[in-house]
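Fold and geometry: a report
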Amino acid sequence: MAATTNTTTTPVDSVSADELAAKAVHKRYDRLVMVRTKAIKGKGAWYWAHLEPMLVRNTDTGLPKAVKLRCSLCDAVFSASNPSRTASEHLKRGTCSNFNSLVKPISCVSPVSPSPTTVAAGTATQGNRKRSSSVMVTASGQVLVASGSGSISGSGPGCSYQATPLAIVDPSRICGESTYSLSPGALVTTSGGSLAPQNQHHLVLSGGKEDLGALAMLEDSVKKLKTPKTSSGPTLSKSQIECAIDLLADWIYECCGSVSFSSLEHPKFRAFLNQVGLPPVSRRELAGSRLDVKYEEVKAESEARIRDAMFFQVSSDGWKVSTVASGERSLVNLTVNLPNGTNLYRRAAFVSGFVPSKYAEEVLWETVTGICRNAVHQCAGIVADNLIKDFTKELPLFKTVTYNALKLANFINITPQIRTSFEKHLLQECGSAGLLKVPLCDQESLNFGHVYTMIEDILNSARALQLVLLDETYKMVSMEDQVAGEVAEIIRDMGFWNDLEAVHSLVKLIKEMAQDIEAERPLVGQCLLLWEDLRTKVKDWCSKFHIAEGPVEKVIERRFKKNYHPAWAAAYILDPLYLIKDMSGKYLPPFKCLTVEQEKDVDKLITRLVSREEAHIALMELMKWRTEGLDPVYARAVQMKERDPITGKMKTANPQSSRLVWETYLTEFKSLRKVAVRLIFLHATSCGFKCNRSLLRWIGAHGDSRVGMERAQKLLFIAAHSKLDRRVFSSDEKKDAELFALANGEDDVLNEVLVETSSV
């Protein structure tokens, strides 16, 4: 007898499938709740304030089976498949009666108050909205709109008549969003407190209901003439007005060019000031006397902080020229870093064209002497940033990928038949179509930032490019154009795509590290660790993409030797943050992580930073520090970390503890502690205040004016002082770009939710 196979689904399988589906539904619900939460905080679409995600559960199992959207205004429930469309159809088009309070169905509107002149409205239907109508206003202030056909009855002292149906509308709503309203008694067709007889002519506006706005303005003008002394806003005291204008001025200064002084005279802004009870603000005053007073106030505070510090470091960035309104001009920011972690803006230097290194040295030296005069020993160091282009210049991989990518992108963009085919497939695959982003200049003078954008664009269009080759159009073009065959070989070559992704991945890796450095602003003691982290990541990159490690390591080591400074090694050894616990439980400095040459650098730098008489003492103390280290309790206290609530990363709980341990606890190191305190606080990067492009354009247009440049310097000083004090290192333009990117990307988040659900 043949064996029979039982293929019936077991209850366990069924439950597993239900649970899997329920999990997907719940995940989709959570994502929609997340999107709504962000939107309510101002980072998403407006309609989320009225649409609320809700879970629909299976009555038998109790598991979630679907996600719906509930309108919080009318409790209507909709599918969650397309929130944007639901908002348009339900809210914008007037389906939700509670949302569109300005336009209500006639049957839902009630009179203001009963009176002898009130007309009782008959039943009105949606169809009545399209019929012609005439308008009149009763003595009680109600607007009577006659439309369609039929009859209603009205009552008054001894009056009874037949009339067309009338809709009773609150006059305060008659003008939509207009701020004007009809006054009681306008166009009243009454006699002795009652409505006129049926055969008496009713006054009808010749322009129809569109005349109501103009009529309201006329009535408003009459009321203003009758009562000209009406108050236009709240009454503020003199001190309140002065305080408000001070805050307004501070905001304008700190925006640093984003808000122009001329905008103070904009009619709408003046109307706003009048509405809140403030007098007009003089732009000349804000750009003149008030600016001078604010600048002197902020400068005095900055000078006092520098005087209180034992040492300082000068930081500069922006020596690379950028193009602005009139010619090439660059803004160089000079900042002062103090041991307690405070960053103070010092001055700005405006340069044009190529900047000789000698000139840069003079600017930096003038900044140092301007702070401490002849006591230059107070300056513990100067730091300036460079731009790394070594990989693009020295790795053949980058040149090959750039050449092939340019060849592919240019051919796709300039060949009409191929471009049309590409855009068709790109629209199907990505939902949008356009040309590939190609740099404008030749390959020798390319900015690799633009090349990176092109590479990223090609990677995102990979599927569409593959489909283009399958079209008959491409085959026909290939028979006549040799370049078409070469481009086809490039697209089919898996090695090209591997190299393209490799270059993109390496550049992205370096960009992300640079962004982290700019955000975290590491100290010099961390430099060796950052370079070691880069070596490790690049080694993993070589392994992943099958790239030879030798040439890449040479590039990294050449750049490391060019950037290396003995202070990196010395600060790394002296900072208790990097002490390592040995087998005996001691916390010792990480000498074993240094090369022989770096150990010698530590000795040389320490002896150079102390007097000749103290040199041998400092070296003896260094040996003691090397063998004894720091008390374990203090070491753990310095190295204690906590999670950053914004980034989620683990960070040192008290960044100043490394320096404070040397100043308060390690007092037996008389000479070495002086060196440690000078080195530990030094910054490794000059990333700092970012100026708005609007001010740079203004400088480009008025750079020849002495008065204009003085005002620009003062504006920069005030704005930078405020941002550095609040530790805001990004520009307003970048924040706005992130905001708009978030707003545009909300649909992508929703699409991701929908795709995940549909795949389940």
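Preceding this paragraph is the structure being described.
First things first, this report covers the structure right here in the doc. (Residues numbered from 1 in each chain as written. Predicted model: local features only at pLDDT ≥ 70, side-chain atom pairs only at ≥ 80, totals over all residues. Heavy atoms only, no water.)

What follows is about the packing of aromatic side chains. A full pass over the atoms with the stated rule returns 16 aromatic pairs. Here Tyr295 and Phe717 contribute two aromatic rings whose centre-to-centre distance is 5.4 Å and whose plane-to-plane angle is 75 degrees, an arrangement assigned as edge-to-face. Taken together, the positions of Tyr295 in helix 7 (residues 289–308) and Phe717 in helix 26 (residues 706–725) put the pair 422 residues apart, joining distant regions of the chain. Accessibility classification places Tyr295 together with Phe717 in one group, the buried group. Ring plane angle 35 degrees and centroid distance 5.6 Å describe the contact between Phe560 and Tyr564, whose orientation is recorded as tilted. The burial state of Phe560 is the same as that of Tyr564; both residues are buried. Feature note: the residues Trp531, Phe560, Tyr564 and Trp568 constitute an aromatic cluster, connected by ring pairs. Stacked on the ring of Tyr452, the Lys or Arg Lys511 has its end atom at 5.2 Å from the ring centre. Sitting above the plane of the Phe591 ring, Arg626 keeps its charged end 4.1 Å from the centroid. (Phe/Tyr/Trp six-rings, centres within 6.5 Å; stacked < 30°, edge-to-face > 60°. Helix = DSSP H or I, 4+ residues; strand = E, 2+ residues; numbered from the N terminus. Buried < 20%, exposed > 50% of the residue type's maximum accessible area, 1.4 Å probe, protein only. Lys NZ or Arg CZ within 6 Å of the ring centre and 35° of its normal.)

Let's shift gears to the environment of Thr86. For Thr86, the position within the fold is in helix 2 (residues 83–92). Assessed through its relative accessible area of 11%, Thr86 is described here as buried. Between the C-alpha atoms of Thr86 and Leu51, which are 35 residues apart in sequence, the distance is 9.0 Å. Sequence-distant contacts of Thr86, that is, excluding residues within four places in its chain, are made with Leu51, Phe78, Ser79 and Leu91. (Contact = heavy atoms within 4.5 Å.)

Positive phi outside glycine occurs at Asp75, with the angle close to 65 degrees. Considering the arrangement of structural elements, one finds Asp75 in the loop between strand 2 (64–71) and strand 3 (77–79). Not every positive phi belongs to a glycine, and His546 is a case in point at roughly 60 degrees. Tracing the chain through its elements places His546 in the loop between helix 17 (527–545) and helix 18 (549–563). Taking the relative accessible area as the measure of exposure, His546 reaches 70% and is therefore exposed.

This paragraph deals with the pairing of strand 2. Two strands pair when backbone bridges link them, and strand 1 (residues 51–57) and strand 2 are joined in this way by 7 bridges, in the antiparallel orientation. Paired with Arg57 across the two strands is Pro64, which belongs to strand 2. Counting the residues in the hairpin turn of strand 1 and strand 2 gives 6 residues, including Gly62, whose phi is positive at 80 degrees. Alignment of strand 2 against strand 3, held across 3 bridges, turns out to be antiparallel. Bridge pairing links Lys68 to Ser79 in strand 3. With antiparallel pairing between neighbouring strands as the criterion, strand 2 and strand 3 make up a hairpin whose turn holds 5 residues, including Asp75 at a positive phi of roughly 65 degrees. (Pairing = 2+ DSSP bridges.)

Looking now at the layout of surface pockets. Taken as a whole, the second largest pocket holds about 1700 Å³ of empty space. Going through the elements one at a time, helix 16 (494–520), helix 17, strand 18 (641–643), strand 19 (650–652) and helix 23 (657–664) are the ones with two or more residues in the lining of the second largest pocket. With 8 residues, the single largest contributor to the lining of the second largest pocket is helix 16. Residue composition of the lining of the second largest pocket, by class: 19 nonpolar, 9 polar and 15 charged. Both of domain 2 (238–382 + 691–733) and domain 4 (565–680) provide at least three residues apiece to the lining of the second largest pocket. (1 Å grid on protein atoms, 1.4 Å probe; cavity = no way out; pocket = protein on both sides within 12 Å on 5 of 7 lines; lining within 4 Å. Points joined across faces, edges and corners; volume = space filled by probe spheres on them. Nonpolar A, V, L, I, M, F, W, Y, C, P; charged D, E, K, R; others polar. Domains from an automatic or database assignment.)

Moving on, we get to the pattern of salt bridges. By the definition in use, this model includes 26 salt bridges. With a closest N to O distance of 2.5 Å, Asp75 and Arg70 form a salt bridge. By relative accessible area, which is 51% here, Asp75 ends up exposed. Arg70 gets classed as partly exposed once you look at its relative accessible area, which sits at 24%. For Asp250, the salt bridge identified is with Lys294, shortest N-O distance 3.5 Å. With Asp250 in helix 4 (residues 238–255) and Lys294 in helix 7, this residue pair connects regions lying 44 residues apart in the sequence. When its relative accessible area of 16% is taken as the criterion, Lys294 is described as buried. Taken together, the salt bridges that share partners define one network made up of Glu242, Asp246, Glu285 and Arg290. (Salt bridge = Lys/Arg side-chain N within 4 Å of Asp/Glu carboxyl O.)

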